[in-house]
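Here is what each chain is made of, one letter per residue.
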Amino acid sequence: MKNRLSELEFKMQEDGFWNDPEKAQSVTKEVKGIKDRLELMDDLEKSLVDTKELCELYGEEENTSEYKTILKDYTDIKSKVDSLKTEALLFGEYDKNNALLSLHVGVGGKDAEDWTEMLLRMYTRWLDNKGFTYKTIECVPAEFYGIKSVTLEVSGLYAYGYLKSEKGIHRLVRISPFNSNGKRQTSFASVEVLPELEDYQDIEIKQDDLKIDTFRSGGAGGQNVNKTESAIRITHLPTGIVVQCQNERSQLLNKESAISMLKSKLIELKDRMHKEKIEDLTGDMKEISWGSQIRSYVFHPYNLVKDHRTGIETSNVQEVMDGNIDIFINEYLSGANK
């Protein structure tokens, strides 16, 4: 890691380097990330030394207070080490990028709309715990309760690398609060994760391939938002991909955000289909099925969250819904890179 840092810092000193803002921004971001991780490793080394000294000092004494302190320190160190191990697996082309996280309601009526909002809370809790920042790009609330869809722009190093493990269908089983007979209900929501492209990763899209519609923004947003057609919907005709943005008051800003989302979707689809060019994504690429669920969250008749890809499971449903999903992310990334 230190060798990579020296290489990057040398590159930053090359003549003419700062004349290329896109390249400069990319390398500066990587340098900062490496420096932060070197600092974390130094802190971990100091913590290990301190914890070892405490173990030696109180190893032969029955001191409950010190034992709890040592156990807490060990747990914190292990968590940080596990995080660094997982991060070492994130070497994909877009893993370091920011991410677009989208949730969409599936089958299940009101329960599915409620479930989509519950997942949003779970992910925002996780993002807060990991130190990522995020803002809402687009949100479509349900008629009575919950949400139909929402898209977040997540910023931070390795945002896409971590979140890509969450792509897929998430299944909820519980006693429905919307069923007067107290029956068990199964509902679904889909999670889509896309890399936000850096300037140097930009792709060209033909204007003739785009259908652009404007409409009035829905939901809360002030009188101006609701009275003017500031929201944008863009359809990529060759693939049938549709994106929309209504978060900004300006139609121009919404269009820029929508175009950015479309490019991310095309890049992700190109990689998934192993195509060399965006132009190859035509015809039979229009139908992309959801497939089976990647994870089940069972609230009744027992408590269990299970990832069907890795087999990892936990009975602490509430902890998972509070954003503690690292066990699923870490195990998925470990298996995907074997």
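Before reading further, recall that the structure is shown in the block above.
Residues numbered from 1 in each chain as written. Predicted model: local features only at pLDDT ≥ 70, side-chain atom pairs only at ≥ 80, totals over all residues. Heavy atoms only, no water.

Caption draft 1: Highlighting unusual backbone geometry. Here the bond from histidine 300 into proline 301 is cis, since omega is 15°, no more than 30 degrees from zero. Note that proline 301 resides in the loop between strand E9 (293-298) and strand E10 (304-307). (Helix = DSSP H or I, 4+ residues; strand = E, 2+ residues; numbered from the N terminus.)

Caption draft 2: A look at the sheet that holds strand E6 (residues 210-215). With antiparallel pairing, the 3 strands of this open sheet are ordered in space as E6-E7-E8. The open sheet terminates on both sides in strands that have one partner only, identified here as E6 and strand E8 (241-245). The average angle at which neighbouring strand axes cross in this sheet is 15°, direction not considered. Both strand E7 (residues 231-236) and E8 contribute to a ladder of 5 bridges, which runs antiparallel. Its bridge partner lying in E8, threonine 235 is registered against valine 242. (Pairing = 2+ DSSP bridges. Axes fitted to C-alpha atoms, helices over the stretch in contact; angles between N-to-C directions.)

Caption draft 3: Fine view of the pattern of salt bridges. A complete count under the given rule lists 14 salt bridges for this structure. For lysine 164, the salt bridge goes to aspartate 95, with nearest N and O atoms at 2.9 Å. Residue lysine 164 is located in the loop between helix H5 (159-163) and strand E4 (168-175), and its partner aspartate 95 is located in the loop between helix H3 (64-87) and strand E1 (99-105); the two are separated by 69 residues in the primary sequence. Lysine 164 sits in the partly exposed class, given a relative accessible area of 22%. For aspartate 95, a relative accessible area of 3% translates into the label buried. For arginine 174, the salt bridge is made with aspartate 111, and the minimal N-O distance between the two is 3.1 Å. Here arginine 174 is found in strand E4, whereas its partner aspartate 111 is found in helix H4 (residues 109-130), with 63 residues between them in sequence. (Salt bridge = Lys/Arg side-chain N within 4 Å of Asp/Glu carboxyl O. Buried < 20%, exposed > 50% of the residue type's maximum accessible area, 1.4 Å probe, protein only.)

Caption draft 4: Representation of the packing of aromatic side chains. Summed over the entire model, instances satisfying the criterion amount to 5 aromatic pairs. Here the aromatic rings of tyrosine 145 and phenylalanine 178 are separated by 6.2 Å at their centres, their planes lie at 55°, and the arrangement is tilted. Of this pair, tyrosine 145 sits in the loop between strand E2 (133-141) and strand E3 (147-155) while phenylalanine 178 is found in the loop between E4 and strand E5 (184-195), placing the two residues 33 residues apart along the sequence. Here the basic side chain of lysine 130 rests over the ring of tyrosine 162, its NZ or CZ set 5.2 Å away from the ring centre. The side chain of arginine 233 reaches across the aromatic face of phenylalanine 215, ending 4.4 Å from its centre. (Phe/Tyr/Trp six-rings, centres within 6.5 Å; stacked < 30°, edge-to-face > 60°. Lys NZ or Arg CZ within 6 Å of the ring centre and 35° of its normal.)

Caption draft 5: Quick peek at the nonpolar core. Val154 and Tyr297 are the most contacted members of the largest nonpolar core, which has 56 residues in total. It is H4 that provides the largest number of residues to this core, a total of 8 residues. With sequence-adjacent residues up to four places away left out, valine 154 is seen in contact with Asn98, Ala99, Leu101, Leu127, Phe132, Thr133, Tyr134, Ala159 and Leu163. (Core = buried A, V, L, I, M, F, W, Y, C linked by side-chain atoms within 4.5 Å. Contact = heavy atoms within 4.5 Å.)

Caption draft 6: Quick look at a nonpolar patch on the surface. A contiguous nonpolar surface patch, about 350 Å² in accessible area, is contributed by Tyr67, Leu71 and Tyr74. Along the chain, leucine 71 turns up in helix H3. On the accessibility criterion, leucine 71 (42% relative accessible area) is partly exposed. (Patch = residues over 30% accessible without salt bridge, like charges linked within 9 Å, V, L, I, M, F, W, Y side chains within 5 Å. Areas by Shrake-Rupley, 256 points an atom, 1.4 Å probe, with all protein chains shown as cover.)

Caption draft 7: Spotlight on the sheet that holds strand E11 (residues 313-314). Strand order in the open sheet formed by 8 strands is E2-E3-E1-E5-E4-E9-E10-E11, and the pairing between neighbours is mixed. Here the strands that pair on one side only, and so sit at the sheet edges, are E2 and E11. Two elements, E9 and E10, share 4 bridges in a ladder whose sense is antiparallel. By the bridge assignment, tyrosine 297 is partnered in E10 with valine 305.

Caption draft 8: Layout of the pairing of E7. Judged by how many residues are buried, E7 sits mostly within the fold: 5 of 6 residues are covered. Inspection of the sheet shows E6 paired to E7 by 6 bridges, in the antiparallel sense. By the bridge assignment for E7, lysine 211 is matched with threonine 235. Hairpin connection between E7 and E8: a loop of 4 residues separates the two successive antiparallel strands, and glycine 240 in this loop has a positive phi of roughly 80°.

Caption draft 9: Just the environment of leucine 89, in detail. Relative to the elements of secondary structure, leucine 89 occurs in the loop between H3 and E1. For leucine 89 and leucine 333, which are 244 residues apart along the polypeptide, the C-alpha to C-alpha distance reads 6.9 Å.

Caption draft 10: Quick peek at the pairing of E2. Alignment of E2 against E3, held across 8 bridges, turns out to be antiparallel. Bridged to lysine 135 within E3 is glutamate 153. Hairpin remark: E2 followed by E3, antiparallel, with 5 residues in the connecting loop; positive phi at glycine 146, about 90°.

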